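Examining the three-dimensional arrangement
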Amino acid sequence: MEKWNENDIAKLKLHYKQFNIPSDQILKEKDTLEKFTEWFNEKFTPNNQFIPEDVADQLLKLRKSGKLPRIRKQKA
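The rules behind these values
Residues numbered from 1 in each chain as written. Predicted model: local features only at pLDDT ≥ 70, side-chain atom pairs only at ≥ 80, totals over all residues. Heavy atoms only, no water. Core = buried A, V, L, I, M, F, W, Y, C linked by side-chain atoms within 4.5 Å. Buried < 20%, exposed > 50% of the residue type's maximum accessible area, 1.4 Å probe, protein only. Helix = DSSP H or I, 4+ residues; strand = E, 2+ residues; numbered from the N terminus. Contact = heavy atoms within 4.5 Å. Salt bridge = Lys/Arg side-chain N within 4 Å of Asp/Glu carboxyl O. Phe/Tyr/Trp six-rings, centres within 6.5 Å; stacked < 30°, edge-to-face > 60°.

Let's shift gears to the nonpolar core. Counting residues in hydrophobic clusters, the biggest one holds 17 residues, and the most contacted among them are Trp4, Leu12, Tyr16, Ile26, Phe36, Val55 and Leu59. Elements represented by at least two residues in this core include exactly α1 (6-19), α3 (30-44) and α4 (52-64). Residue contacts for Phe36: discarding those within four places in its chain leaves Leu12, His15, Tyr16, Phe19, Ile26, Val55 and Leu59.

Turning our eyes to something else, we now look at the pattern of salt bridges. It is possible for side chains of opposite charge to pair when their charged atoms get near one another. Scanning all chains against the criterion turns up 2 salt bridges. Of the charged contacts in the structure, one is a salt bridge between Glu34 and Lys30, with a shortest N-O distance of 3.9 Å. With Glu34 and Lys30 both in helix α3, this residue pair falls 4 residues apart, about one helical turn. The partner of Lys61 in a salt bridge is Asp57, and the shortest N-O contact between them spans 3.3 Å. Pair noted here: Lys61 and Asp57 are both in helix α4, with a separation of 4 residues, about one helical turn. Exposure remark for Lys61: the relative accessible area of 47% places this residue in the partly exposed category.

So, about unusual backbone geometry. Despite not being glycine, Asn20 has its phi angle at roughly 60°, a positive value. Within the secondary structure, Asn20 is located in the loop between α1 and α2 (23-28).

For the coordinates displayed, the defined rule picks out 6 aromatic pairs. Between Trp4 and Phe50, the ring centres sit 4.0 Å apart and the planes meet at 20°, which makes this aromatic pair stacked. Pair noted here: Trp4 is in the segment before α1 and Phe50 is in the loop between α3 and α4, with a separation of 46 residues, a long-range link. Geometrically, the ring pair formed by Phe40 and Phe44 is tilted, given 5.8 Å between the ring centres and 40° between the ring planes. Within this pair, Phe40 and its partner Phe44 are both found in helix α3, separated by 4 residues, close to a single helical turn. When its relative accessible area of 0% is taken as the criterion, Phe40 is described as buried. What makes Phe44 buried here is its relative accessible area of 15%. Feature note: the residues Trp4, Phe40, Phe44 and Phe50 constitute an aromatic cluster, connected by ring pairs.

This is the structure:
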């Protein structure tokens, strides 16, 4: 389990906005969470690799505290 610092959290929020998929969908779909985590690690944390469970936990904390930007589901 990796520790989250303020810089990591800011990067996670930026990545979430760029990924453009609502948090409930990321948290519900294992493949989407794994893709989100992989891209986050590659882009923002090459030396500090987070696992999907850590990312899911942090996303949930941010969502519950109202600190994630709102992303609307895209219509098919």
